Amino acid sequence: METIIQGKAYVLGKNIDTDQIIPAEHLVYSLSRPEEVKMYGKYALSGVPLPEGGLPEGNVPFVKDGAFESEYSIIVAGPNFGCGSSREHAPFSLKVAGAKAIIAESYARIFYRNCVDGGFVIPYETAEHLNRIVKTGDELKIDIGANTVENLTTETLYKLNPLGDVFSIVKAGGIFAYARQENLMAQG
Amino acid sequence: MEQTITQKILARAANRKFVDAGENVWLNVDILLTHDVCGPPTFDIFKEEFGPDAKVWDPEKVVVLPDHYIFTANEHAHRNIDLLRQFAGEQGLPNYYDVGTDRYKGVCHVALAEEGFNLPGTVLFGTDSHTCTSGAFGMFGTGIGNTDAAFILGTGKLWEKVPESMLFTFDGEMPEYLTAKDLILQILGDIGTDGATYRAMEFDGEAVFSLPMEERMTLTNMAIEAGGMNGIIAADSITEAYVRSKTTKPYEIFRSDPGARYHSKYRYNVRELEPVVAQPHSPDNRATVRSVQGTKITKSYIGSCTGGKLEDFMLAAKILKGRKVSVLTNIVPATVKVMQDLECETYQGETLKSIFENAGCSIALPSCAACLGGPADTVGRSVDNDIVVSTTNRNFPGRMGSKHAGVYLSSPLTAAASAVTGKLTDPRDFL
Ligand code: SF4
């Protein structure tokens, strides 16, 4: 597992629900056929009302028109990220679009579990109101061992909450890898 | 050690006497539920991880209820149903309810209750966030993603963090104009969409235990709208009578100990509450119907696992009987059983179906339909700048279709009263 995640920030508000992360009409695409999988990248975060995407300015799409991947790899958001439906298509679409980590003030439970158990993106929590401080496009560097994120653009360092109990699952790369490692399931 | 009902059920599933809030425990799963949107990717992960010839841990315990994208011409949606059918065939799943056959049921959470899968004291996981609905039966039910579901398919187990519980007590006798939907919208307005994240929401009090099962299901259904892991109501004689009318399977009744620890406690007197709505675009954006009375609407929608049960239509019929709707009003029964009941259940001597038809409503076939928008040809989908009053559970931007539409979540009484006037209307004006 990587120990450093570096990339551009994409900043959002609070209560970003799964219908905004991947609108329901796109859930018909297969999650395993490559030519359809890329559609999840194309439509990642496409349900966010345009003025609320890419703060503080807004009107910045996460994925440019016609593209299948985002130039942003770290999502920064307020509280209750991923609320709403249980669709695993949500963290999946963020991963397909190229996101590596999310830094939010808090998460809805199912979304959080999906990120961790599916090994899609790392869901960091922070007590800082980072989505009011960081600007879309800032270069961020997350140090996984140290539980910190540095804003390289403004040269400021912030603390992230340790991943706690789920760190071992994140480190293994998901619940299956973890369960094999811990001998919790018959070898498939 | 004193425990809440949720702790006791999880302790049983973990083969323990006591589990404490905050502990991660491995649970034995009683039922795994999936549907057409999350079933196919779950089965893919299962095969990838356990091998192409792997068998599910217990075919009797896997319930597959296609319900989301059923009556649509969308080919990808049809392919999903084909994939469910194929998997159910390969695995010999007895509890697959195929589309286009007389086994088809409709919305999974309502069908689970109707088919006798909800049993007090058991643990249900489902690939749908409203799996918490089943908590109305004194059981643990919660939503998970496809990876977790695939893990259960292979092992019959899953880890979960034992939640802290919040207690919501409703005292008093329910007035005629108030419904379970008003109670849960009241709570949502008080605690917000993340007010119960990672916690159990336990409902208690005279008013709650006076409710029929379907109304109780409306309460637990929307626990997820507050971020709750599960909603739960201890089983009583009403629960037992319902369960016994569906199945002979054994179950075990748990109740919270008097000294159990709660994260917080809320107490309401239902006599002091009023009909409320959740205004666009969040289920916690509460207002009394009176305070927004007169807001023009373009559509009324009565359906979904929250508001498309027989009890919901009984409530709507009280207002629609002998009246005409003045906006497009979609009646979407949650299940085939509910649809059939509309034809035989009566209010003041007239069947519900005839009441709705005479009022000018349009009755759709049972499925999730426009509750979650769905493909472009979905019945009741909001378009352009629609203003919808809806008995569903979510009003995030775009949830019912158009990103520009505004959705007011309400009780079936309020949705029916508003359908008649074409404006948001307090049901007390008609009762
Ligand atoms: S009716 Fe709506 S909330 Fe209920 S399961 Fe279907 S889509 Fe989900």
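The structure this text deals with has already been given above.
Report follows, based on the coordinates. (Residues numbered from 1 in each chain as written. Chains lettered and ligands numbered in written order. Predicted model: local features only at pLDDT ≥ 70, side-chain atom pairs only at ≥ 80, totals over all residues. Heavy atoms only, no water.)

Turning next to the overall build of chain B. Per the secondary structure count, chain B includes 15 helices and 19 strands. Against the compact-globule benchmark of 22 Å for 431 residues, chain B has a radius of gyration of 21 Å, which places it among compact chains. Considered along the principal axes of its C-alpha atoms, chain B spans approximately 55 × 55 × 40 Å. Taking all 431 residues of chain B together, 66% fall into the buried category. (Helix = DSSP H or I, 4+ residues; strand = E, 2+ residues; numbered from the N terminus. Rg over C-alpha atoms; globule rule 2.2 N^0.38 Å. Buried < 20%, exposed > 50% of the residue type's maximum accessible area, 1.4 Å probe, protein only.)

For the rest of this paragraph, the subject is the packing of aromatic side chains. All names here are of chain B. Overall, the coordinates contain 24 aromatic pairs over all chains when judged by the stated rule. Judged by centre distance (4.9 Å) and plane angle (10°), the ring pair of Phe170 and Tyr268 falls under stacked. One end of the pair, Phe170, is in strand β7 (residues 165–171); the other, Tyr268, is in strand β10 (residues 264–269), with 98 residues separating them in the sequence. You can call Phe170 buried: its relative accessible area is 0%. (Phe/Tyr/Trp six-rings, centres within 6.5 Å; stacked < 30°, edge-to-face > 60°.)

All names here are of chain B. Across the sheet, four strands lie side by side as β9-β8-β7-β10; this open sheet has parallel pairing. Either end of the sheet is taken by a strand with one partner, and the two such strands are β9 (230–232) and β10. Going from strand to strand, the sheet's axes swing by 15° on average, the running direction of each strand aside. (Pairing = 2+ DSSP bridges. Axes fitted to C-alpha atoms, helices over the stretch in contact; angles between N-to-C directions.)

Residue-level contacts link 49 residues of chain A with 47 residues of chain B. Roughly 3700 Å² of surface becomes buried between chain A and chain B when both sides are summed, with 55% attributable to carbon and sulfur atoms. At the junction of chain A and chain B, the tally comes to eight salt bridges. Among the ionic pairs, Asp19(A) bridges to Arg399(B), the shortest N-O distance being 3.5 Å. The interface formed by chain A and chain B holds 23 residue pairs in polar contact (both at pLDDT 80 or more) in total. At seven residues, the largest contribution of residues to the side of chain A that touches chain B is made by helix α4 (residues 109–118) of chain A. Its residues placed into classes, the side of chain A that touches chain B shows 22 nonpolar, 15 polar and twelve charged. (Contact = heavy atoms within 4.5 Å. Buried area = accessible area lost by both parts, 1.4 Å probe. Salt bridge = Lys/Arg side-chain N within 4 Å of Asp/Glu carboxyl O. Polar contact = N/O pair within 3.5 Å; in protein donor to acceptor, adjacent residues only side chain to side chain. Nonpolar A, V, L, I, M, F, W, Y, C, P; charged D, E, K, R; others polar.)

It is possible for side chains bearing opposite charge to pair when their charged atoms get close. Overall, the coordinates contain 35 salt bridges over all chains when judged by the stated rule. Of the charged contacts in the structure, one is a salt bridge between Asp190(B) and Arg286(B), with a shortest N-O distance of 2.8 Å. With Asp190(B) in helix α6 (residues 180–191) and Arg286(B) in strand β12 (residues 286–288), this pair connects stretches of sequence that are 96 residues apart. What makes Asp190(B) partly exposed here is its relative accessible area of 37%. Between Lys321(B) and Glu350(B) there is a salt bridge; the shortest N-O distance is 3.0 Å. Placement of Lys321(B) in the loop between α12 (310–320) and β14 (328–332) and of Glu350(B) in strand β16 (residues 350–351) is noted, with a sequence separation of 29 residues between them. Taking relative accessible area as the criterion, Lys321(B) reaches 24% and is therefore assigned partly exposed. Each of Arg109(A), Arg113(A), Asp117(A), Asp148(B) and Glu160(B) takes part in a single network of salt bridges with overlapping partners.

Residues and elements named next belong to chain B. Every residue lining the ligand is accounted for by His68, Val107, His109, Asp128, His130, Ser304, Cys305, Cys368, Cys371, Leu372, Asn393 and Arg399. With respect to the detected pockets, the ligand is housed in the largest cavity. Looking at the shell around the ligand residue by residue, the classes come out as five nonpolar, five polar and two charged. (Near = heavy atom within 4 Å. 1 Å grid on protein atoms, 1.4 Å probe; cavity = no way out; pocket = protein on both sides within 12 Å on 5 of 7 lines; lining within 4 Å. Sits in = over half its atoms within 2 Å of the grid points.)

Gaps left between atoms show up when a probe the size of a water molecule is rolled over them. In this structure, the largest pocket occupies an estimated 430 Å³ of space. In this structure, the largest pocket is lined by 23 residues; those nearest its centre are Gly118(A), Phe120(A), Ile45(B), Glu48(B) and Thr147(B). With five residues, helix α2 (residues 39–50) of chain B is the single largest residue contributor to the lining of the largest pocket. Across the lining of the largest pocket, the residue classes break down as nine nonpolar, eight polar and six charged. (Points joined across faces, edges and corners; volume = space filled by probe spheres on them.)

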